[in-house]
Amino acid sequence: AIGQSTTHETTLPANLVQKEDQYRIGFQDIIEIEVFRHSELNQRVAVGPTGTIELFRLERPVVAVCRTEVELASDIENAYKEKYLKNPQVKVRVGEQKSQAFAVMGAVEKPGNYYISRRVHLLELLAMAGGPNKESGTRMLVARTGSTSNCRKNNSETDDDSIAVIGYKIRDVQEGKVTLWMRPGDIVSVFEADMVYMYGNLRKEGALRIRDPITLTQAIASAEGLKPATDKSKIRILRQVSGKAEREEFVYDLNQIDKGK
């Protein structure tokens, strides 16, 4: 059985939440710039690999990555003030958000990338993807890979190659028992139902799809029971070792199980 995740998100102060709600520009985003009373300077430009944008009449590129629309507009005004305009008024809008995607994959109705310019909860993102489909099981993972914009406010943070992986029960997320605020670059993977393969002296051999843990007795009942003259004292279970190719073998006495022992 998969246990409930113990990961919890701390509650942010209201003023910080409001600040974090503002979309921060990332690499490949398309920026629309409008300069009041100077339409010849209006342009639509993509954020380049260096995190900057090239603007008309400016000798140096302007850093756009990790800036909000308001912050970038102020930076552009200051850049134009240096040599070109006396009192520029600039408006910036992110036309296309291509840098901060959330990915949902696996057993959902609408897998794909979702571009969202505000804070979003795991449950809400799951709903945007249409929710688990009929093939889904009970588990899901969130892989925290990081955003392509990597807007870090704390200089003490260091870059590394690690990826945080957080496991959840789907039902716990749906019922609000666990919470997670998503970060740009997160990948949500909804697992399909697990398979148990039944073979041997059974009335019905084959694959059994399970959404929740079941007992050995329930698995045998799902295969319509044992054939006559079956040795019930040696029921073998082969279980894959997590992260390895080999399997563990367990032998159970169904007679003892039937007796509640």
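Before going into details, it helps to say that this report is about the structure given with it. Source: prediction; values computed, not measured. (Residues numbered from 1 in each chain as written. Predicted model: local features only at pLDDT ≥ 70, side-chain atom pairs only at ≥ 80, totals over all residues. Heavy atoms only, no water.)

1. Comments concerning the overall build of the chain
Which entries qualify depends on this criterion: By the criteria applied, helices consist of DSSP H or I runs no shorter than four residues and strands consist of E runs no shorter than two, each listed in order from the N terminus. Only protein chains enter the accessibility calculation, which uses a 1.4 Å probe; a residue whose area is less than 20% of its type maximum is buried, one above 50% is exposed, and one in between is partly exposed. Here the Shrake-Rupley method, with its probe set to 1.4 Å, supplies the accessible areas, and only the displayed protein chains count as covering residues.
Looking only at helices and strands, one finds 6 helices and 14 strands in the chain. Expressed as a percentage of its 261 residues, the buried residues of the chain come to 34%. Carbon together with sulfur atoms contributes 48% to the accessible area of the chain, which is approximately 16500 Å² in total.

2. Some remarks on the packing of aromatic side chains
Formally: Put simply, two rings from Phe, Tyr or Trp (the six-membered ring, in Trp's case) pair if the centres are within 6.5 Å, and we call them stacked under 30 degrees between planes, edge-to-face over 60, tilted for the rest.
For the structure on display, the rule yields 2 aromatic pairs. Ring geometry for Tyr80 versus Tyr84: centroids 6.1 Å apart, planes at 45°, classification tilted. A residue is classified by how much of its surface remains accessible, and Tyr80, at 1% relative accessible area, is buried. Relative accessible area serves as the criterion here: at 32%, Tyr84 is assigned to the partly exposed category.

3. Notes on the sheet that holds strand 6 (residues 101-106)
Put simply, the rule is: Following DSSP output, two strands are said to pair if at least two bridges run between them. Axes, fitted as lines to C-alpha atoms, cover a helix only where it is in contact. Angles between the N-to-C directions of the axes lie from 0 to 180 degrees.
Ordered in space as 7-6-10-8-9, the 5 strands form an open sheet in which the pairing is mixed. Each having just a single partner strand, strand 7 (112-115) and strand 9 (164-169) make up the two edges of the open sheet. For this sheet, the mean angle separating the axes of adjacent strands, direction not counted, is 20°. As paired elements, strand 8 (residues 136-144) and strand 9 share 6 bridges and run antiparallel to each other. Bridged to Leu141 within strand 9 is Gly167.

4. Some points on helix 2 (residues 69-83)
This is how the line gets drawn: The directions considered for the arc run from the helix axis to the C-beta atoms. Pairs of residues are marked as contacts when any of their non-hydrogen atoms sit within 4.5 Å.
All buried positions along helix 2 are accounted for by Leu72, Ala73, Ile76, Ala79 and Tyr80. Each buried residue of helix 2 sits inside an arc of 125° when the element is viewed along its axis, so together they form one side. Facing away from the buried side of helix 2, by more than 90 degrees, are the exposed residues Val70 and Glu82. Those residues of helix 2 hidden inside the fold are in contact with strand 1 (30-35), strand 3 (52-53), strand 4 (62-63) and strand 5 (90-96).

5. Topic: the sheet that holds strand 5
Ordered in space as 2-1-5, the 3 strands form an open sheet in which the pairing is antiparallel. The sheet is open, and its two edges are formed by strand 2 (43-46) and strand 5, each paired on a single side. Between one strand axis and the next, the sheet turns through 25° on average, direction left out of account. Pairing analysis gives 6 bridges linking strand 1 to strand 5, with the strands arranged antiparallel. Its bridge partner lying in strand 5, Val35 is registered against Val90. Against the sheet, helix 2 engages strand 1 and strand 5, with an angle of about 130° to strand 5.

6. Topic: the pattern of salt bridges
When the charged atoms of two side chains with opposite charge come close together, those side chains can pair. Heads up, the rule is: When a carboxyl oxygen of Asp or Glu is within 4 Å of a side-chain nitrogen of Lys or Arg, the pair counts as a salt bridge.
Scanning all chains against the criterion turns up 15 salt bridges. Between Glu82 and Arg60 there is a salt bridge, with its nearest N and O atoms 3.2 Å apart. Of this pair, Glu82 sits in helix 2 while Arg60 sits in the loop between strand 3 and strand 4, and the two are 22 residues apart along the sequence. With respect to class, Glu82 is no different from Arg60; both count as exposed.

7. Remarks on the environment of Lys91
Along the polypeptide, Lys91 turns up in strand 5. Excluding its chain neighbours within four sequence positions, the residues that come into contact with Lys91 are Glu32, Ile33 and Glu34.

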